[in-house]
Each structure stands twice: as C-alpha cells, then as structure tokens.
Amino acid sequence: MKVGLYFGTFNPIHIGHLVIANHLVQFTDLDEVWMVVTPHSPLKKKKGLLEDFHRMHMVNLATADYDHIRPSDIEFNLPQPNYTVNTMAYLHERFPKYEFALIMGQDNLDSLPKWKNYEVLLDRYSLYVYPRVFSDKQEDNPLLSHPSVHLIENAPIMEISATFIRDSIKEGKNVQPLLDKEVWKYIDHNLFYKK
C-alpha cells in the first residue's frame, strides 16, 4: 500500500486540507493519505496553538467521512522536536510493507534544503508537491525537476490558511464555510480562537 503523509499542526484543519488530501487519493497512485498532526513543540511557543488532543480530535472529526484519509498521531510519542526524517524512519520500521511518500505545498519544497537530512528524504521517498500561488522567483526552484518530486497536475489551488481562520474567528467573522461542519461545531462550542 502506498501512503501519502500530510504533516501539519492543523490548527485548525480546514476544507483546503481536505480538498488537497482527497485530490491526492483520487487522482494519484496514493492508496491513502494520513493527516499527521504535528505536536506542540515545547521549544516553540506558538500563540493560539491548541493542545494536541483538541487538534487531533478535529482531524478525527474532519476525516470521519473519508474512506482513504486517516488521522495520525504518530509524532505524539516520538522525541521532540520532530524532524520529518526521523518520523519517516520510524514509520518505515513500524510498517515495513507500506510505501510512504511525503505531501507538501510548493512553498515547503522551496524551504526543503533547510530541513534536517533533506537529501535522505529526496533519496528515499517520493514527494508529492501541490502548487500554491507564489512569485515567479519560487517557480525557478531546481528541486522541481528532481526525480523524486512529483508536481500534482490539475490540483485545486487552495489559498485558505489556518491563520486567516483563527484571526477571523477572533474578529467575530463567520468562517463556517471554510471548515468541516463538525469541526466548526467543536470550535464554536469550545470558544476556540476567540481571544
């Protein structure tokens, strides 16, 4: 089985994440996409980052109706800070019969050389890269022609950010259409992102 790993804080998970994950399952050779919730790093105090449990619960709610999109808390029990290369090695040991691939936005591909042991990731795994709206400068990234990098064609461009959602909720705006119905209820019930 070929599994795409979609890493994120998902603070909160929104329809953009789901559209991209579903597109990859439906229109590539990936059998499943795992939404890997990145835990709260004690080294990085991020204002407004909900506790791991709440973000994981929202990913569970959002993916409940998708047969091939699964939530994953795999990084919660790994040493901090989380480095993708270490998580991939752990998953390879735990699921030796699975083939894993990385899913990332083109903006993350641009910063990939700053990642720990990024050459190992390029050497051992396929990278499924979905396009983003960006400047012409970023289109010249030489990694786009790397044999491990697969630019997703005909992908819906989702320019929705969790930051925009959090800021909008704080300002009292209605962002319900940008979220799964159950995720919106959970956020609203718990008064998340209001302060």
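Conventions used here
- Residues numbered from 1 in each chain as written.
- Predicted model: local features only at pLDDT ≥ 70, side-chain atom pairs only at ≥ 80, totals over all residues.
- Heavy atoms only, no water.
- UniProt positions renumbered as here; feature names shortened; annotations may be inferred.
- Salt bridge = Lys/Arg side-chain N within 4 Å of Asp/Glu carboxyl O.
- Helix = DSSP H or I, 4+ residues; strand = E, 2+ residues; numbered from the N terminus.
- Buried < 20%, exposed > 50% of the residue type's maximum accessible area, 1.4 Å probe, protein only.
- Contact = heavy atoms within 4.5 Å.
- Polar contact = N/O pair within 3.5 Å; in protein donor to acceptor, adjacent residues only side chain to side chain.
- Core = buried A, V, L, I, M, F, W, Y, C linked by side-chain atoms within 4.5 Å.

The name given to the chain in an unreviewed UniProt entry is Probable nicotinate-nucleotide adenylyltransferase, and the organism recorded there is Myroides phaeus. The UniProt entry for the chain carries the following comment under Pathway (unreviewed entry): "Cofactor biosynthesis; NAD(+) biosynthesis; deamido-NAD(+) from nicotinate D-ribonucleotide: step 1/1." Per its UniProt entry, the chain bears the Sequence similarities (unreviewed entry) comment "Belongs to the NadD family."

**Description of the pattern of salt bridges**
This model, assessed by the stated rule, comprises 5 salt bridges. Residues Asp29 and Lys2 are paired through a salt bridge, measuring 3.0 Å at the closest nitrogen-oxygen approach. One end of the pair, Asp29, is in the loop between α1 (15–27) and β2 (32–37); the other, Lys2, is in strand β1 (residues 2–8), with 27 residues separating them in the sequence. On the basis of relative accessible area, Asp29 is assigned to the partly exposed category, the value being 44%. When the shortest N-O distance is used, the salt bridge between Lys2 and Glu99 registers 3.7 Å. With Lys2 in strand β1 and Glu99 in strand β4 (residues 99–105), the pair connects residues that are 97 residues apart, well separated along the chain. Look at Lys2 and you get buried, because its relative accessible area is 12%. Judged by its relative accessible area of 44%, Glu99 falls in the partly exposed class.

**Focus on the environment of Asn82**
With respect to the element layout, Asn82 can be found in the loop between β3 (69–72) and α3 (84–94). Between the alpha carbons of Asn82 and Pro39 there is a distance of 8.2 Å; along the sequence they are 43 residues apart. The residues touching Asn82, leaving out its near neighbours within four places in the chain, are Pro39 and Glu75. Polar side-chain contacts of Asn82 include one of 3.4 Å to the backbone oxygen of Glu75. At 3.3 Å, the side chain of Asn82 and the side chain of Gln80 are in polar contact.

**Considerations on the nonpolar core**
By size, the foremost hydrophobic cluster in this structure holds 36 residues, and its most contacted members are Tyr6, Ile13, Val33 and Met35. Mapped by element, the contributors of at least two residues to this core are α1, β2, α2 (52–63), β4, β5 (126–130), α6 (162–170) and α7 (181–190). It is α1 that provides the largest number of residues to this core, a total of 5 residues. Here Tyr6 is in contact with His17, Ile20, Ala21, Val33, Trp34, Met35, Val36, Ile103 and Tyr130, once residues within four sequence places are set aside. Membership of the second largest hydrophobic core comes to 21 residues, among which are Leu102, Leu122, Tyr125 and Leu143.

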